[in-house]
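If you want the building blocks of each chain, they are given just below.
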Amino acid sequence: MSRIKAIAPFGQQIWLDNLTRQLLDSGELARWIAEDAIAGVTSNPAIFYNAIRTDPAYQKAAGALKSSDLAPEQRFEALVLPDIQRACDLFAPLYAETGGRAGFVSFEVSPGLADDAAGTFAAAQRLWQQIERPNAMIKIPATPAGLIAIADAIAAGININVTLIFSPSQLAGVQAAYDQGIERRVAAGLPVEGIASVASVFISRLDSLLDPKLPAERQGKTAIAFARSEYARWQQRPPLPGGAHPQMLLWASTSSKNPAYRDVIYVEELIGAGTVNTVPDPTLAAFRDHGEAGASLGRDTEGTRQQLAALSELGIDLDTVGNELQAVGLKQFEEAFAKLLELVS
């Protein structure tokens, strides 16, 4: 059995953190679905910037679009939304087999809308209608404005992937927004069983920022402790009304940024039932070669407690750190989106 596929029996879905036309045209994504049990795809502006810049199939299509009267963002969407739809169709059998619990493909609203709740909700509605697939997910950042749009979108019956979560308070806000959207929909007498959402918690960037501030014995452990602590809390969440599915935890940014660490550390150490790990191609290849599958999210509860307590003793507040990381992440996505639009202008 594929080492990646061996994760599935532990109840975790592995998604691919990448999408290109080449992956679709070559049949490689279809092969990974079959051989490795890849159960979904995530995308973001940085992913599409690299894809359009390097994939000849995109470059040819982008050249043709430059003569159109479309605005740059419309050209970008005209270029990539058909591939989002193709990926959704590839995962449609899995979506059906699992009763709408797997097989999702995510596409992000413009990062320029991060502080615009109404604009984000309008964009989510438009993209949901344009993609027109039940297994699509619209990505919205976990900013204060984003939380308002998330509740509105869930109430409107739109699947949402909440991105750029770095701290306990950000995650709590996201979970409250999801619950509020479900409750509003139930109160309106609308069905909720088919709605899906994931809360994307970014992992490796937390260690990258905090390791220089920690003693050697505490380095490389904060992100895993944070994730394990939030997973334990997630397991205690009460059921939602109307038969709604719980919002799943998704581990994002799971490539190891430090060459001193095992290159699959943020996959091996974060396996648990009811969760998702979205993995970039190089980390996926590394796990395929030498990764070890096993239920790990519930391990070492005392070590988790000690790691988080050590942060407090050093005066490190994860909520403050999370705000800093989210601001940096938003800026990176905005810059990637701007460069992306230049490619199609």
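Up top is the structure.
Here is a short report on the structure shown in this document. What you are looking at is a predicted structure, and each value in this text was computed from that prediction instead of being measured.

Thoughts on the sheet that holds strand S6 (residues 197-202)
Alright, step 1. Strand order in the closed barrel formed by eight strands is S1-S2-S3-S4-S5-S6-S7-S8, and the pairing between neighbours is parallel. Strand after strand, the sheet turns through a mean of 30° between neighbouring axes, direction not considered.
Alright, step 2. In the packing of helix H2 (residues 28-36) onto the sheet, contacts are made with strand S1 (13-16) and strand S2 (38-41), and the angle to S2 comes to roughly 140°.

Section: the packing of helix H6 (residues 117-131) against helix H7 (residues 144-155)
Alright, step 1. In contact at an axis separation of 8 Å, H6 and H7 are set at 40° when each is read in the N-to-C sense. Here H6 lies oblique to H7, going by the angle between them. Our pair here, H6 against H7, has a crossing hand that is right-handed. The residues of H7 that touch H6, namely those facing Ala 117, Thr 120 and Phe 121, are Ala 145, Ile 148, Ala 149, Asp 152 and Ala 153.
Alright, step 2. Each residue belonging to the contact of H6 with H7 can be placed in one class, and the counts come to six nonpolar, one polar and one charged.

Side note on H2
Alright, step 1. Within the span of H2, buried status applies to Leu 29, Trp 32, Ile 33 and Asp 36. On an axial view of H2, the arc spanned by its buried residues comes to 110°, and they lie on one face.
Alright, step 2. Its buried side turned inward, H2 meets S1, helix H1 (21-25), S2, helix H5 (72-97) and helix H12 (281-290).
Alright, step 3. Backbone geometry just downstream of H2 places Ala 37 in the positive-phi region, at approximately 60°.

Observations regarding the environment of Leu 325
Alright, step 1. On the secondary structure map, Leu 325 appears in helix H14 (residues 318-344).
Alright, step 2. Along the sequence, Leu 325 and Leu 343 sit 18 residues apart, while their C-alpha atoms lie 27 Å from each other.
Alright, step 3. Excluding anything up to four places from it in sequence, Leu 325 contacts Phe 166, Arg 205, Leu 206 and Leu 209.

Structural notes on the layout of surface pockets
Over the atoms, a rolled probe matching the size of one water molecule traces out where space is still vacant.
Alright, step 1. Its boundaries defined by the atoms lining it, the largest pocket holds a volume of some 540 Å³.
Alright, step 2. Asp 17, Asn 44, Ala 46, Ile 47 and Arg 205 are, among the 28 residues lining the largest pocket, the residues nearest its centre.
Alright, step 3. Looking at the lining of the largest pocket, the elements with two or more residues in it are helix H3 (45-54), strand S5 (160-165), S6, strand S7 (248-252) and H14.
Alright, step 4. The biggest single contributor to the lining of the largest pocket is H3, with five residues.
Alright, step 5. Here the residues of the lining of the largest pocket are counted per class, giving nine nonpolar, 14 polar and five charged.
Alright, step 6. Empty space within the second largest pocket amounts to approximately 310 Å³.

Some words on H3
Alright, step 1. Those residues of H3 not exposed but buried are Pro 45, Ile 47, Phe 48, Tyr 49, Ala 51 and Ile 52.
Alright, step 2. Check the buried side of H3 and you find it contacts helix H4 (56-65), H5, strand S3 (104-108) and H14.
Alright, step 3. Two to three positions downstream of the cap, the backbone nitrogen of Ala 46 sits 2.9 Å from a side-chain oxygen, assigning the N-cap of H3 to Asn 44.

So, the pattern of salt bridges
Alright, step 1. Scanning all chains against the criterion turns up 16 salt bridges.
Alright, step 2. The closest approach of N and O atoms between Arg 237 and Asp 179, which form a salt bridge, is 2.5 Å. Here Arg 237, found in the loop between helix H10 (222-235) and S7, pairs with Asp 179, found in helix H8 (residues 168-187); they are 58 residues apart in sequence, far enough to count as distant.
Alright, step 3. Each of Arg 21, Asp 25, Asp 83 and Arg 86 takes part in one network of salt bridges that share partners.

Structural notes on the side chain of Asp 36
Alright, step 1. Take Asp 36: it is sitting in helix H2.
Alright, step 2. Owing to a relative accessible area of 3%, Asp 36 belongs among the buried residues under this scheme.
Alright, step 3. At 2.8 Å, the side chain of Asp 36 forms a polar contact with the side chain of Arg 288.
Alright, step 4. Filtering out sequence-adjacent residues up to four positions away, Asp 36 remains in contact with Ser 2, Ile 4, Lys 5, Arg 31 and Arg 288.

Considerations on unusual backbone geometry
Alright, step 1. Its identity is not glycine, yet Ala 37 carries a phi of approximately 60°, on the positive side.
Alright, step 2. Its location among the elements puts Ala 37 in the loop between H2 and S2.
Alright, step 3. The exposure class assigned to Ala 37 is partly exposed, which follows from its relative accessible area of 29%.
Alright, step 4. Here Glu 132, not a glycine, exhibits a phi torsion of approximately 55°, which is positive.

Quick notes on the rules
- Residues numbered from 1 in each chain as written.
- Predicted model: local features only at pLDDT ≥ 70, side-chain atom pairs only at ≥ 80, totals over all residues.
- Heavy atoms only, no water.
- Pairing = 2+ DSSP bridges.
- Helix = DSSP H or I, 4+ residues; strand = E, 2+ residues; numbered from the N terminus.
- Axes fitted to C-alpha atoms, helices over the stretch in contact; angles between N-to-C directions.
- Contact = heavy atoms within 4.5 Å.
- Parallel < 35°, antiparallel > 145°, perpendicular 65-115°, else oblique.
- Left-handed = near helix turned anticlockwise from the far one by under 90°.
- Nonpolar A, V, L, I, M, F, W, Y, C, P; charged D, E, K, R; others polar.
- Buried < 20%, exposed > 50% of the residue type's maximum accessible area, 1.4 Å probe, protein only.
- Arc of directions from axis to C-beta.
- 1 Å grid on protein atoms, 1.4 Å probe; cavity = no way out; pocket = protein on both sides within 12 Å on 5 of 7 lines; lining within 4 Å.
- Points joined across faces, edges and corners; volume = space filled by probe spheres on them.
- Polar contact = N/O pair within 3.5 Å; in protein donor to acceptor, adjacent residues only side chain to side chain.
- Salt bridge = Lys/Arg side-chain N within 4 Å of Asp/Glu carboxyl O.

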